[in-house]
Amino acid sequence: MRTSLHATSLESPKVDVTDQEILRKLETTDWSFESRIIQHEVESVHPYPAKFISDLPAAILDALPSRPNTLLMDPFCGSGTTLAEGQRRGLQTIGVDLNPVACLIARVKTAPLPKSAAQSAAMVLDKLGNSAALVPLIPNLGHWFKGSVQAQLANLMQAISEAPAADQDFLKLAASSIIVRVSNQDSDTRYAAVDKPVTGSDVAKLFERACNKLYEALERRDYDLVNSRVIESDILSFDCEDLEKKVGIFITSPPYPNAYEYWLYHKYRMWWLGHDPLAVKQKEIGARAHFFKKNHHTADTFIEQMSAVFEIMNFVAAPKAWACFVVGRSKIHGLIVDNAKIIEDVAAQAGFEPFFRTERVVKSSRKSFNLSHANIKTETVLILRGAQ
Ligand SMILES: C[S@@+](CC[C@H](N)C(=O)[O-])C[C@H]1O[C@@H](n2cnc3c(N)ncnc32)[C@H](O)[C@@H]1O
């Protein structure tokens, strides 16, 4: 069944037989993934706002020709869905993201399960009852966490910092995944403090459960864990020389103006893990705060940012590289902005030509903190191809 709206094969100057085959595959894909049944376990090890359902990068990768030595890049990799799907198909992958929680999730999902992860988790749990770590100075902590929870989270973070380096990402991800559960925050998508029946003793219980779930999800990956790199960086100051080879396929979903708030979603996770969410907010493309200040950002800011991203992509792209963008519309001060059109225009300036475009329905379960965004029900899948 094909349910995508207005699937169009855009005119391309050189459409040979292979191109037609690719187009046929893209055009016959059900981009709403209505009949989706598979959810890979690694997808649900940690929440992430606006993450891809894995079928999306999977469908793109299954339609595009690639060789085992193709490098797949996601310049806004978030929780690493593109990287995991590339890895599942034997591709080398590289992801960049500004958000340290995103990078943590992406790293753990694509790295081998550390041999002593279970042992380290047990050691951390052992230490929890017998320590009295200092609670870090975190703004507004009392509003979001009960005293007993603060004390146990401080113990947890200290015990994790004493674990072997090779196990720390595993342990931090398990800890990060329980922060909102043990806080007073209503839910991952509702940033309001409520009276929840949580206490310090829930920290150890939930951490143990999270470690078990993560362990099983990582252990059950039944494919080769081909080399994957995750770079924590603002893409706008990404060092292009950092790549050893050229990128054959880009698959990404960029942050767009005034839509999701990645820094806010992970604010207290970042504080507890020792990062500064306010520094992330400053550099986060599209963050709401940039649209409600003096000299606020506009759609033009997004055009400049995406032009810079395409300049970088152009620099690292192999000849005729594919660039696949999944992007929704934004509302900025009441005006709807067609971000897909912006991407198409800046891509054209960088020599990337349109190959395929379709609208896909976004499930209403994909919520954000920003309600003005909640009315936008479709997003565009845009596939472009670079120059020779
Ligand atoms: C739509 S999300 C990507 C989600 C991803 N596809 C997934 O499956 O999890 C966009 C990402 O852009 C990141 N981002 C925002 N500003 C950035 C910047 N200046 N440099 C790099 N990444 C940035 C956000 O942290 C967020 O993870």
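Values in this document were obtained by computation on a predicted structure and should not be read as measured data.

Draft legend 1. Main features of the packing of aromatic side chains. Using the criterion set out here, one finds twelve aromatic pairs in the structure. Plain terms: the ring middles of Y260 and Y262 are 6.1 Å apart, the flat faces sit at 35° to each other, and that makes the pair tilted. The interplanar angle of 70° and the centroid separation of 5.5 Å between the aromatic rings of F310 and F352 together place this pair among those described as edge-to-face. One end of the pair, F310, is in helix α13 (residues 299–316); the other, F352, is in the loop between α14 (339–349) and β11 (353–361), with 42 residues separating them in the sequence.

Draft legend 2. Local environment of the nonpolar core. In terms of nonpolar packing, the biggest core is built from 92 residues, with L156, F207 and F310 touching the most fellow members. Residues lining this core come from more than one domain, with at least three contributed by each of domain 1 (5–111 + 225–263 + 287–385) and domain 2 (117–219). Discounting residues that sit within four places of it in the chain, F310 has contacts with F325, I343, V346, A347, A350, F352 and L384.

Draft legend 3. Spatial organisation of helix α2 (residues 55–63). Of all the nine residues making up α2, eight are buried; the element is thus mostly covered by neighbouring parts of the structure. Within the span of α2, buried status applies to D55, L56, P57, A58, A59, I60, L61 and A63.

Draft legend 4. Up close: the site of the ligand. Neighbouring residues of the ligand: 21 residues in total, closest Y48, S79, T81, D97 and D234. In isolation the ligand has 590 Å² of accessible area, and contact with the protein removes 99% of it. Tallied by class, residues from the shell around the ligand come to ten nonpolar, six polar and five charged.

Draft legend 5. Seen up close, the domain arrangement of the protein chain. Looking at the protein chain, the domain boundaries give domain 1 (5–111 + 225–263 + 287–385) and domain 2 (117–219). With centres defined by C-alpha atoms, the gap from domain 1 to domain 2 works out at 31 Å. Facing the 15 residues of domain 1 at the interface are 16 residues of domain 2. Between domain 1 and domain 2 the total buried area reaches about 1300 Å² when both faces are included, carbon and sulfur atoms providing 69% of it. At the junction of domain 1 and domain 2, the tally comes to one salt bridge. With a shortest N-O distance of 2.7 Å, R107 and D169 are connected by a salt bridge. Summed over the shared surface of domain 1 and domain 2, the result is three residue pairs in polar contact (both at pLDDT 80 or more). The residue makeup of the side of domain 1 that touches domain 2, split by class, is eight nonpolar, three polar and four charged.

Draft legend 6. Broad picture of α13. An ideal rise of 1.5 Å per residue puts 26 Å on 18 residues; α13 measures up with 26 Å between its terminal C-alpha atoms. What α13 keeps buried is the set T301, F302, Q305, M306, V309, F310, I312, M313 and V316. The inward-facing, buried residues of α13 abut β2 (71–74), β7 (247–252), β8 (317–328), α14 and β12 (378–385).

Draft legend 7. Focus on the environment of K25. Relative to the helices and strands, K25 resides in helix α1 (residues 17–27). Its relative accessible area of 47% is what places K25 among the partly exposed residues. Each C-alpha atom of the pair K25 and A63 lies 5.7 Å from the other, and the pair is 38 residues apart in sequence. Once residues lying within four places of it in the same chain are set aside, the contact partners of K25 are D62 and A63.

Draft legend 8. Layout of the pattern of salt bridges. The final tally for this structure, using the stated rule, is 16 salt bridges. R89 serves as the salt-bridge partner of D62, at 2.7 Å between the closest nitrogen and oxygen. Of the two residues, D62 is situated in helix α2 and R89 in the loop between α3 (81–88) and β3 (92–97); the sequence distance between them amounts to 27 residues. In this structure D62 comes out as partly exposed when scored by relative accessible area, which is 42%. Across the pair K205 and D202 runs a salt bridge, and its minimum N-O distance is 3.2 Å. Residue K205 and its partner D202 are located together in helix α9 (residues 201–219), separated by three residues, close to a single helical turn. Overlapping salt bridges, with partners in common, bring together D62, E85, R88 and R89 in one network.

Draft legend 9. Quick look at the layout of surface pockets. Within this model, the largest pocket holds a volume of roughly 810 Å³. Contributing to the lining of the largest pocket are 35 residues, with Q39, E43, P47, Y48 and K51 lying nearest its centre. Among the secondary structure elements, those contributing two or more residues to the lining of the largest pocket are α8 (165–182) and α9. Across the lining of the largest pocket, the residue classes tally to 17 nonpolar, seven polar and eleven charged. Split by domain, the lining of the largest pocket shows at least three residues from each of two domains, domain 1 (5–111 + 225–263 + 287–385) and domain 2 (117–219).

Draft legend 10. Spotlight on the pairing of β8. Across the twelve residues that make up β8, a large majority, ten, are buried. Of the strand pairs in this sheet, β7 and β8 are connected by five bridges, and their pairing is parallel. Its bridge partner being in β8, I249 is matched across the sheet by W322. Direction of pairing for β8 relative to β12: antiparallel, over a ladder of seven bridges. If you follow C324 over to β12, its bridge partner there is I383.

Thresholds, definitions, all that
Sequence order as written defines residue numbering, which begins from 1 separately in each chain. Reporting of local features is limited, given that this is a predicted model, to residues whose pLDDT is at least 70; pairs of side-chain atoms are given and counted only at 80 or more, and all residues count toward the totals for whole chains, interfaces and linings. Note that the side-chain values use all heavy atoms of the structure and ignore hydrogens as well as water. Aromatic pairing here means that ring centres of Phe, Tyr or Trp (its six-membered ring) are within 6.5 Å. Orientation follows from the plane angle: under 30 degrees is stacked, over 60 is edge-to-face, and everything else is tilted. By definition, any uninterrupted DSSP run of H or I lasting at least four residues is a helix, any uninterrupted run of E lasting at least two residues is a strand, and each is numbered from the N terminus. Note on terminology: a nonpolar core comprises buried Ala, Val, Leu, Ile, Met, Phe, Trp, Tyr and Cys residues joined through side-chain atoms within 4.5 Å. For the exposure calls, accessible area comes from a 1.4 Å probe over protein chains only, and a residue counts as buried if that area is under 20% of its type's maximum, exposed if over 50%, partly exposed in between. Domain ranges listed in this record stem from an automatic or a database domain assignment. Two residues qualify as a contact provided that any one of their heavy atoms is within 4.5 Å of a heavy atom in the partner residue. Nearness here has a simple test: a residue counts as near a molecule or strand if at least one of its heavy atoms is within 4 Å of that partner. Using a 1.4 Å probe, accessible areas were evaluated by the Shrake-Rupley method; residue-level cover was limited to the displayed protein chains. Three classes are used, and their members are as follows: Ala, Val, Leu, Ile, Met, Phe, Trp, Tyr, Cys and Pro are nonpolar, Asp, Glu, Lys and Arg are charged, and the others, Gly among them, are polar. When two components associate, each loses some accessible surface as probed by a 1.4 Å sphere; the sum of these losses over both components is called the buried area. What makes a salt bridge here is a side-chain nitrogen of Lys or Arg within 4 Å of a carboxyl oxygen of Asp or Glu, nothing more. In protein, a polar contact means a hydrogen-donor-capable atom and an acceptor-capable atom, both N or O and within 3.5 Å, with residues adjacent in sequence counting only if both atoms are side-chain atoms; elsewhere, any N or O pair within 3.5 Å suffices. Multiplying one less than the number of residues by 1.5 Å gives the expected span of a helix. Throughout, the protein atoms alone are placed on a 1 Å grid, and a set of points is a cavity if a 1.4 Å probe fits but cannot get out or a pocket if it is open with protein on both sides within 12 Å along at least five of seven lines; lining residues have an atom within 4 Å of a point. Grid points are joined across faces, edges and corners, and a volume is the space filled by probe spheres set on the points. The rule for pairing is simple: two strands pair if DSSP sees at least two bridges between them.

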